[in-house]
Amino acid sequence: MGDLEVHKHVQYIISVEKKKESFEALVMEHLRMNGAYWGLTTLDLLQNITAVDQEEVISWVMSCWDQDSGGFTGTVGHDPHVHYTLSAVQILALFDRLDILDKDKVSSYIARLQNEDGSFSGDIWGEIDTRFSYCAICCLSILHCLDKINVEKAVNYIVSCKNLDGGFGCTAGGESHAGQIFCCVGALSIAGALHHVDRDLLGWWLCERQCKDGGLNGRPEKLADVCYSWWVLSSLVMIDRVHWIDKTKLAMYILSCQDRENGGISDRPDNAVDVFHTYFGVAGLSLMEYPGLKSIDPAFALPVDVVNRIFFKKP
Ligand code: GRG
Ligand code: ZN
């Protein structure tokens, strides 16, 4: 099967960052802040974050800060959103530069997105989704500002999105999906409210996601996809049921999705690679303690040493 092509993946991520005029870059432009987080976190997990110019990245991130609202945009001049705001804060955390943020303004932006029922909208246009509950809770926790929202109501809203199969959907009554399960379990974990999760029931649903080829899918009857190596596996780690899947087969599946010539990881073997799946493949291997990788925190989606610095740094 062969090993993880660390060097090739580092080169691939750097080359994507440089190819801003490509077609892919053009259609993904509004997602650049998220893409930067995926790429930079992957580089850090691969122990190669110094391959990028830190000052250049930080000044670009700060040029995406919208002073009026206090939130971050996907790229310069676009509209702010809670997901871009989380990615921007995560990037600054990677570089240990949270000090340059106006924490009060950023956290107030997020707090204003909480609705009466405890749910969160993604931006001023109002779409509600448990993804945004995760973004808000994760980001505020990194900023040590969870007291700006009603955490109890936020938790109750997430619990109202729990299904009879033990999983979670995007709103109350929404079908269970591994991506939403990560968001809900991650948010509950950060909020110290994991007792609302039935670990055996959810663990059963999650471990049933492993397909014959070793990969994981996001829902019953769907095809395996490398990104679920993160969404499913991180949830299993958080509820302490990761030993219920076959880790060796999953690692083999992820390694078989590498482009061994040009670097990068794809969603399934022989498909085209992208930064998103490269991140989730490497993050999945990191959760399985693959040698040579930094460990990733399953709830904050940041390297463990970065999370430790956020919460245990001496003043
Ligand atoms: C910091 C890691 C991190 C995340 C931020 C935005 C967000 C919070 C989480 C997104 C969670 C989510 C809903 C992920 C699922 C993405 C995905 C692959 C959706 C595809 O769904 P379908 O139905 O595909 O198109 P399937 O695989 O079901 O066929
Ligand atoms: Zn995918």
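Because the structure is a prediction, the values reported are computed rather than measured.

Residue-level account of the overall build of the chain, with values.
Looking only at helices and strands, one finds 14 helices and zero strands in the chain. In terms of C-alpha radius of gyration, the chain reaches 19 Å, essentially the compact-globule figure of 20 Å for 315 residues. Dimensions of the chain along its principal axes, counting C-alpha atoms only, are 50 × 45 × 40 Å. Here the chain, with 315 residues, has 56% of them falling under the buried criterion. Of the roughly 13800 Å² that the chain leaves accessible, carbon and sulfur atoms contribute 52%. Positive and negative side-chain charges of the chain, numbering 27 and 42 respectively, have mean locations separated by a distance of 3 Å.

Talk me through the site of ligand 1; I want residue IDs and the actual numbers.
If you check the shell around ligand 1, you find 17 residues, and the closest are His 177, Gln 180, Arg 219, Lys 222 and Tyr 228. A distance of 3.3 Å is found between an oxygen atom of ligand 1 and a side-chain nitrogen or oxygen belonging to Lys 222. Within the contact set of ligand 1, an oxygen atom lies 2.7 Å away from a side-chain nitrogen or oxygen of Tyr 228. Summarising the interface, the protein chains cover 75% of the accessible area of ligand 1, which totals 760 Å² for the free molecule. Counting residues per element, the ones that place at least two in the shell around ligand 1 are helix 5 (82–94), helix 7 (130–142), helix 9 (178–190) and helix 11 (228–238). Considering only residue class, the shell around ligand 1 consists of nine nonpolar, five polar and three charged.

Describe the side chain of Asn 217, listing the residues and the values that go with them.
Tracing the sequence through the fold places Asn 217 in the loop between helix 10 (199–207) and helix 11. For Asn 217, the residues in contact, after removing those within four places along its chain, are Arg 209, Cys 211, Lys 222, Leu 223, Ala 224, Tyr 228 and Val 232.

Mind laying out the coordination of the zinc ion (ligand 2), listing which residues take part and the relevant values?
Only Asp 225 (OD), Asp 225 (OD), Cys 227 (SG) and His 277 (NE2) from the protein coordinate the zinc ion (ligand 2), and they sit 2.2 to 2.4 Å from it. Every donor residue of the zinc ion (ligand 2) comes from the same chain, spaced as D-x1-C-x49-H. Cys 227 matches Asp 225 in its accessibility class, with the two residues each being buried.

Describe in detail the pattern of salt bridges, supporting the description with residues and values.
Applying the stated criterion to the full structure yields 12 salt bridges. A salt bridge links Glu 55 to Arg 97, with the nearest nitrogen and oxygen atoms 3.8 Å apart. Taken as a pair, Glu 55 in helix 4 (residues 54–63) and Arg 97 in the loop between helix 5 and helix 6 (103–111) lie far apart in primary sequence, 42 residues in all. Its relative accessible area of 48% is what places Glu 55 among the partly exposed residues. For the salt bridge of Lys 148 with Asp 104, the shortest nitrogen-to-oxygen distance reads 2.8 Å. Within this pair, whereas Lys 148 is found in the loop between helix 7 and helix 8 (151–160), its partner Asp 104 is found in helix 6, the two being separated by 44 residues in sequence. Bridged by salt links that share partners, the residues Asp 44, Lys 294 and Asp 305 form one connected network.

I'd love a proper account of unusual backbone geometry, names of residues and values included.
A positive phi angle is found at His 144, which is not glycine, with a value near 60°. Mapped onto the elements of the fold, His 144 is located in the loop between helix 7 and helix 8. A positive phi is found at Glu 289, a non-glycine position, where the angle reads about 60°. Mapped onto the elements, Glu 289 comes out in the loop between helix 13 (275–287) and helix 14 (304–312). Overall, the relative accessible area of 66% leaves Glu 289 in the exposed class.

Scoring rules and cut-offs
Residues numbered from 1 in each chain as written. Chains lettered and ligands numbered in written order. Predicted model: local features only at pLDDT ≥ 70, side-chain atom pairs only at ≥ 80, totals over all residues. Heavy atoms only, no water. Helix = DSSP H or I, 4+ residues; strand = E, 2+ residues; numbered from the N terminus. Rg over C-alpha atoms; globule rule 2.2 N^0.38 Å. Buried < 20%, exposed > 50% of the residue type's maximum accessible area, 1.4 Å probe, protein only. Areas by Shrake-Rupley, 256 points an atom, 1.4 Å probe, with all protein chains shown as cover. Lys, Arg positive; Asp, Glu negative; His and termini not counted. Charge placed at Lys NZ, Arg CZ, Asp CG, Glu CD. Near = heavy atom within 4 Å. Polar contact = N/O pair within 3.5 Å; in protein donor to acceptor, adjacent residues only side chain to side chain. Nonpolar A, V, L, I, M, F, W, Y, C, P; charged D, E, K, R; others polar. Contact = heavy atoms within 4.5 Å. Donors = N, O, S within 2.8 Å, 3.2 Å for Na, K, Ca; no water. Salt bridge = Lys/Arg side-chain N within 4 Å of Asp/Glu carboxyl O.

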